[in-house]
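Here is how the chains run, residue by residue.
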Amino acid sequence: MKIGITGATGQLGRLVVEKLQQRVASDKIVALVRSPQKAKTFGLQTREFDYNKPSLLAASLKGIDSLLLISANQVGLRKAQHENVINAAKQANIKWIVYTSLLHADTAHMSLATEHIQTEQMLADSGIPYTILRNGWYTENYSASVPSSIQAGSFYGCADEGKISSATREDYAEAAAAVLTTEGHLGKVYELSGDDHYTLSDLAAEVSKQIGKEIPYTNLSEEGFAAALIALEVPEEYAKIIANMDVGAAKDDLYDPGHTLSELIGRPTTPLSVVIKRELT
Ligand SMILES: NC(=O)c1ccc[n+]([C@@H]2O[C@H](COP(=O)([O-])OP(=O)(O)OC[C@H]3O[C@@H](n4cnc5c(N)ncnc54)[C@H](OP(=O)(O)O)[C@@H]3O)[C@@H](O)[C@H]2O)c1
């Protein structure tokens, strides 16, 4: 039983590889990567796999039984890129595709959900057995902005008092590895989220507590937040996407009270306070 992982050199993919190596022999894992030189230290079979080169994909999938399709990171191009992978998977007789989607992709308000839902539909139409991992937010999305927020004297966003139940990339990676190496997941759609939830005010309060200095959360309008990001030299297109994600967060798109993620990994998800502490040390 060979498992292929796309995006294996990405931040999530690297962790999935690591977690899979703890569960199965390395010769059962194939890293499918855009830049093979980035995977040299993996100690695994590595094959070139660029979503934008459809004619090369099926050959790279030869002999692979299960495929983890980690969603691509170029917003707007992802439907076509994922379609290329799914078509190649059909040609290569892949037996099972596990896809990393977005929490509540079918009901989420944020524009990011569109390509995930399109991909889920393409999988359903493909005839290939599949499992959907609807990953919630990475806690790292917020912890990465802790130093700059401390420097600015405030957290900024437009998520209002929306509840966010995030988890770490490591938590999601462990879930992907668990699903790929155990039975009973065919046809399942898993909503994966952290055990605890917080608002951006709570996040600011946790940082304030840990550094012993008040760093408030300032809630802006969607346009105001996008403009603030542009002023920080975030490209306009991305600034708008980030602000739009926060609008979804304000509507609880990123909140799920289920404990499916911790059930899959057999331990509690990593708390926000731990991730912030790591960022600060
Ligand atoms: N849940 C969340 O909070 C959240 C946040 C951000 C993103 N995401 C989604 O989750 C995915 C994984 O997250 P991440 O943090 O691991 O993202 P990441 O570090 O940006 O990794 C994305 C991976 O996709 C690969 N990739 C991009 N374009 C490709 C192409 N044309 N052909 C083949 N591979 C391609 C990249 O290859 P290289 O290594 O060669 O660059 C990289 O390995 C993202 O791509 C995005 O869809 C989720």
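Reading the values: rules and limits
- The residue numbers shown here count from 1 along each chain, following its written sequence.
- Only residues with pLDDT of 70 or above have their local features reported here, since the model is predicted, and side-chain atom pairs are shown and tallied only from 80 upward, although totals for entire chains, interfaces and linings are computed over all residues.
- For the side-chain quantities, the full set of heavy atoms in the structure was used; hydrogens and water were omitted.
- Each nonpolar core is a collection of buried residues, namely Ala, Val, Leu, Ile, Met, Phe, Trp, Tyr and Cys, held together in the definition by side-chain atoms within 4.5 Å.
- For every residue, the accessible area obtained with a 1.4 Å probe (protein chains only) is divided by the maximum for its type, and the residue is called buried under 20%, exposed over 50%, and partly exposed between those limits.
- Here a strand is any run of E in DSSP of at least two residues, a helix any run of H or I of at least four, and the numbering for each starts at the N terminus.
- Contact definition: two residues touch when any of their heavy atoms are within 4.5 Å.
- Should DSSP find at least two bridges between two strands, the strands are regarded as paired.
- A fitted line through C-alpha atoms serves as each axis, taken over the contacting stretch for helices, and the angle formed by two N-to-C directions is quoted from 0 to 180°.
- One side-chain nitrogen of Lys or Arg within 4 Å of one carboxyl oxygen of Asp or Glu is enough to make a salt bridge.
- Neighbouring residues are identified by heavy atoms, a residue being near a molecule or strand if any of them is within 4 Å of it.
- Identification of polar contacts relies on pairs of N or O atoms within 3.5 Å, with a donor-acceptor requirement for protein atoms, meaning one able to donate a hydrogen and the other able to accept it, and with residues adjacent in sequence counted only if both atoms are side-chain atoms.
- Using a 1.4 Å probe, accessible areas were evaluated by the Shrake-Rupley method; residue-level cover was limited to the displayed protein chains.
- For this classification, the nonpolar set comprises Ala, Val, Leu, Ile, Met, Phe, Trp, Tyr, Cys and Pro, the charged set comprises Asp, Glu, Lys and Arg, and every other residue, Gly included, is treated as polar.
- In this entry, domain limits derive from an automatic or database-based domain assignment.
- For Phe, Tyr and Trp, where Trp contributes only its six-membered ring, two rings pair if their centres lie within 6.5 Å, and the inter-plane angle classes them as stacked under 30 degrees, edge-to-face over 60, or tilted in between.
- By definition, being over a ring means that NZ of Lys or CZ of Arg is both within 6 Å of the ring centre and within 35 degrees of the ring normal.
- We define buried area as the total accessible area lost by two parts upon association, computed with a 1.4 Å probe and summed across both.

Pulling in residues and values, what's your account of the nonpolar core?
Core analysis: the largest hydrophobic core is formed by 32 residues, its most contacted members being Ile 5, Val 16, Leu 20, Leu 68 and Leu 192. Going through the elements one at a time, β1 (3-6), α1 (11-21), β2 (29-33), β5 (96-102), α7 (169-180), β8 (189-192) and α11 (260-265) are the ones with two or more residues in this core. Beyond its immediate chain neighbours, meaning those up to four positions away, Leu 68 contacts Gly 4, Ile 5, Thr 6, Val 16, Val 98, Thr 100, Ala 176 and Leu 180. Membership of the second largest hydrophobic core comes to 25 residues, among which are Ile 215, Tyr 217, Met 245 and Leu 254.

Could you give an account of the sheet that holds β2, naming the residues involved and the relevant values?
Ordered by their spatial adjacency, 7 strands build an open sheet running β3-β2-β1-β4-β5-β6-β8, and the pairing between neighbours is parallel. Looking at which strands have only one partner, the edges of the open sheet turn out to be β3 (45-48) and β8. Going across the sheet, the axis of each strand differs from the next one's by a mean of 20°, ignoring polarity. Relative to strand β6 (residues 130-135), β5 runs parallel, the two sharing 6 bridges. Bridging across to β6, Ser 101 finds its partner in Arg 134.

Break down the pattern of salt bridges for me, with residues and values.
Evaluated as defined, the whole model comprises 13 salt bridges. Ionic pairing is found between Arg 134 and Glu 120, a salt bridge with its closest N-O pair at 2.8 Å. Of this pair, Arg 134 sits in strand β6 while Glu 120 sits in helix α4 (residues 113-126), and the two are 14 residues apart along the sequence. Accessibility classification places Arg 134 together with Glu 120 in one group, the buried group. A salt bridge links Asp 252 to Lys 163, with the nearest nitrogen and oxygen atoms 3.2 Å apart.

Requested: an account of the site of the ligand, with residues and values cited.
In the vicinity of the ligand there are 24 residues, among which Thr 9, Leu 12, Ser 71, Ala 72 and Asn 141 approach most closely. Arg 34 is positioned such that a nitrogen or oxygen atom in its side chain is 2.8 Å from an oxygen atom of the ligand. A distance of 2.8 Å separates an oxygen atom of the ligand from a polar side-chain atom of Arg 169. Surface burial for the ligand is 85%, taken as the share of its 880 Å² of free accessible area covered by protein chains. When residues of the shell around the ligand are traced back to their parent elements, those giving at least two are α1 and α3 (78-91). A breakdown of the residues in the shell around the ligand according to their chemical character gives 7 nonpolar, 12 polar and 5 charged. Residue contributions to the shell around the ligand reach at least three from each of two domains, namely domain 1 (3-135) and domain 2 (137-168 + 193-256 + 267-281).

Which residues make up the side chain of Arg 47, and what are the values?
Looking at the secondary structure, you find Arg 47 in strand β3. Here the side chain of Arg 47 touches Lys 62 through a polar contact of 2.8 Å, landing on its backbone oxygen.

Tell me what's going on with the environment of Ala 25, and back it up with residues and numbers.
You can see Ala 25 is positioned in the loop between α1 and β2. Among the residues examined, Ala 25 registers a relative accessible area of 43% and is labelled partly exposed. It is 26 Å that separates the C-alpha atoms of Ala 25 and Thr 269, two residues lying 244 residues apart in sequence.

Before we move on, could you go through the packing of aromatic side chains and cite the residues and values that matter?
Summed over all chains, the structure comprises 3 aromatic pairs. Between Tyr 138 and Tyr 172, the aromatic rings sit 5.8 Å apart at their centres with planes inclined by 55°, giving tilted as the arrangement. Linking Tyr 138 in the loop between β6 and α5 (140-143) with Tyr 172 in helix α7, this pair joins segments that are 34 residues apart in sequence. Between the aromatic rings of Tyr 142 and Tyr 198, the centroid separation amounts to 6.3 Å while the plane-to-plane angle is 80°, which identifies the pairing as edge-to-face. Of this pair, Tyr 142 sits in helix α5 while Tyr 198 is found in the loop between β8 and α8 (200-211), placing the two residues 56 residues apart along the sequence. Residue classification places Tyr 142 among the buried residues on the basis of a relative accessible area of 10%. The residue whose ring lies beneath Lys 163 is Tyr 255, and the NZ or CZ to ring-centre distance is 4.7 Å.

Tell me about the domain arrangement of the protein, and name the residues and values.
Taken domain by domain, the protein holds domain 1 (3-135) and domain 2 (137-168 + 193-256 + 267-281). The centre of domain 1, based on its C-alpha atoms, is set 28 Å off from the matching centre of domain 2. Each partner contributes to the interface: domain 1 provides 13 residues, whereas domain 2 provides 16 residues. Counting each side, the surface lost to burial between domain 1 and domain 2 is near 1100 Å², with a carbon and sulfur contribution of 61%. Its largest share of buried area at the contact with domain 2, domain 1 owes to Leu 103, His 109 and Met 110, together 46% of the area lost on that side.

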